[in-house]
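Residue-level listing of the chains:
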Amino acid sequence: MLHIHQFPCLSDNYGYLLHNAESGETVCIDTPDADAYLREAESKGWTITQIWNTHWHPDHAGGNEAIKAATGCHIVAPAAEAPKIAAIDRTVAGRDTVRVGAHEAQIIDVGGHTHGHIAYHLPDAEIAFVGDALFALGCGRMFEGTADQFWNSLLRLKSLPPQTTIYCAHEYTAANARFALHADPDNGALRDYAEEVEALRAQGKPTVPTTLERELASNPFLRADDAGMQGRWGGGDAVATFAALRAAKDAF
Ligand code: ZN
Ligand code: FE
């Protein structure tokens, strides 16, 4: 049985502790804030044994050294970003696997926000930790990658089982919804989702996690292969439409 403890970190990150009650292991998904992670683990009575990093940005790997110093935990990080991430024990790349007790996580290459960004998919638990690759109603800014690379990363996420619960790293959904409605104004599923997001945020509640099924229907970046989106945003193929959407969001 896996337990996920979610808590806000920094200004708009989410921290996640993934706990396996059978094995007694606890994984930090990224390390935006070492003190917050150590405090939250203690409050749950959990001992941190691993860190799984998604990418090198300081709001994802900045707490590695302090958490390792406090716990002696084992750190897994993307091979392509190893020079930029502290205290790594094992580097991984797409199609590698890591474990928390008997549960396996498959590494998915989701480069685009950063070149070496990875996601962790646990098929038996039907969950994925996607960092800044995919957000509820959005995707990460394309800091390092190309549109072709990023779109192919999103295709890998699109091909996961639709019932997969998606844990993304930021609470950006309300702003993402405003752009999504601009990008895809006739999408009824999106309009319902955006209303729910507004209501949740008005009550100070998180909009994360989301599900892949919901994002497939509403997230404009996952819909760059939709004929209607291609007609509206130009480009004869999904890569060009994705590039147009990403550029429009940056300027929105
Ligand atoms: Zn980032
Ligand atoms: Fe981030």
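Just above, that's the structure.
Structure report, in brief. (Residues numbered from 1 in each chain as written. Chains lettered and ligands numbered in written order. Predicted model: local features only at pLDDT ≥ 70, side-chain atom pairs only at ≥ 80, totals over all residues. Heavy atoms only, no water.)

**Quick look at the overall build of the protein**
Where we set the bar: Helix and strand labels come from DSSP, where a helix needs a run of H or I of at least four residues and a strand needs a run of E of at least two; each type is numbered from the N terminus. When accessible area is computed with a 1.4 Å probe and restricted to protein chains, residues below 20% of their type maximum are described as buried, those above 50% as exposed, and intermediate ones as partly exposed. Contact definition: two residues touch when any of their heavy atoms are within 4.5 Å. What sets the accessible areas is the Shrake-Rupley method with a 1.4 Å probe; for residues, cover comes only from the shown protein chains. Charge assignment in this entry is limited to Lys and Arg as positive and Asp and Glu as negative, and neither His nor the chain termini are counted. Every charge is mapped to an atom, namely NZ of Lys, CZ of Arg, CG of Asp or CD of Glu.
For the protein, the helix and strand inventory stands at 9 helices and 14 strands. For the protein, the spread of C-alpha atoms along the principal axes amounts to about 55 × 40 × 30 Å. For the protein, with 252 residues in total, the buried portion stands at 52%. Taking the contacts inside the protein whose residues are at least 6 apart along the sequence as the reference set, 58% of them involve residues at least 24 apart. In the structure as shown, the protein presents an accessible area of about 10,300 Å², 50% of it carried by carbon and sulfur atoms. Computed over 19 positive and 33 negative side-chain charges, the inter-centroid distance for the protein is 3 Å.

**Quick word on the coordination of the iron ion (ligand 2)**
Worth spelling out the cut-off: Coordination shells were defined by N, O and S atoms within 2.8 Å of each metal, extended to 3.2 Å for Na, K and Ca; water is absent from the atom set, which can make sites look incomplete. Working rule for geometry: tetrahedral if four donors all subtend angles between 85 and 135 degrees; square planar for four, octahedral for six, if opposite donors exceed 155 degrees and the others stay between 65 and 115; irregular in every other situation.
For the iron ion (ligand 2), the protein coordination sphere consists of Asp 59 (OD), His 60 (NE2), Asp 132 (OD) and His 170 (NE2), at 2.0 to 2.3 Å. Here the iron ion (ligand 2) binds 4 donor atoms, and the angle range of 85 to 166° at the metal identifies the geometry as irregular. When the donors of the iron ion (ligand 2) are listed by position in the chain, the intervening gaps give D-H-x71-D-x37-H. Separating the iron ion (ligand 2) from the zinc ion (ligand 1) is a distance of 3.3 Å, and Asp 132 supplies a donor atom to each of them. With His 60 in helix H2 (residues 58-61) and His 170 in the loop between strand S13 (165-168) and helix H5 (173-183), the pair connects residues that are 110 residues apart, well separated along the chain. An identical accessibility class is assigned to His 60 and His 170; each is buried.

**What to know about the sheet that holds strand S1 (residues 2-9)**
For the record, the criterion: Being paired, for any two strands, means DSSP has found at least two bridges between them. Each axis is a line fitted through C-alpha atoms, and for a helix only the stretch in contact is used; angles between axes span 0 to 180 degrees, taken between their N-to-C directions.
Taken in spatial order, the 6 strands line up as S1-S2-S3-S4-S5-S6 in an open sheet, and their pairing is mixed. Every interior strand has two partners, whereas the edge strands, S1 and strand S6 (90-92), have only one. Across the sheet, the mean angle separating the axes of adjacent strands is 20° when strand polarity is ignored. Pairing between strand S2 (residues 13-20) and strand S3 (residues 25-29): 5 bridges, direction antiparallel. Bridged to Leu 17 within S3 is Cys 28.

**Quick word on the environment of Gly 188**
Tracing the backbone through its elements, the reader meets Gly 188 in helix H6 (residues 188-202). As a C-alpha pair, Gly 188 and Asp 124 span 64 residues in sequence and 32 Å in three-dimensional space.

**Concerning the layout of surface pockets**
Here is the rule: With a 1 Å grid spanning the protein atoms alone, the term cavity applies to any set of points in which a 1.4 Å probe fits but cannot get out, the term pocket to an open set with protein on both sides within 12 Å along at least five of seven lines, and the term lining residue to any residue with an atom within 4 Å of a point. Grid points are joined across faces, edges and corners, and a volume is the space filled by probe spheres set on the points. As a working rule, the residues Ala, Val, Leu, Ile, Met, Phe, Trp, Tyr, Cys and Pro are called nonpolar, Asp, Glu, Lys and Arg charged, and the rest polar, with Gly in that last group.
Roughly 270 Å³ of volume is contained in the largest pocket. In terms of lining residues, the largest pocket is bounded by 17 residues, among which Phe 135, Cys 139, Gly 140, Arg 141 and Tyr 172 are the most central. Taken together, the residues of the lining of the largest pocket sort by class into 6 nonpolar, 6 polar and 5 charged. Its residues assigned to classes, the lining of the second largest pocket comprises 3 nonpolar, 4 polar and 3 charged.

**Structural notes on empty space enclosed by the protein**
By the definition in use, this model includes 1 cavity of 30 Å³ or more. Considering only enclosed or pocket space, the largest cavity measures out at about 60 Å³ in volume. What lines the largest cavity is a set of 14 residues, among which Tyr 14, Tyr 16, Ile 29, Asp 30 and Ala 169 lie closest to the centre. Taken together, the elements giving at least two residues each to the lining of the largest cavity come down to S2, H2 and S13. Considering every element that reaches the lining of the largest cavity, the biggest residue donor is S2, with 3 residues. Of the residues in the lining of the largest cavity, the class split is 8 nonpolar, 4 polar and 2 charged.

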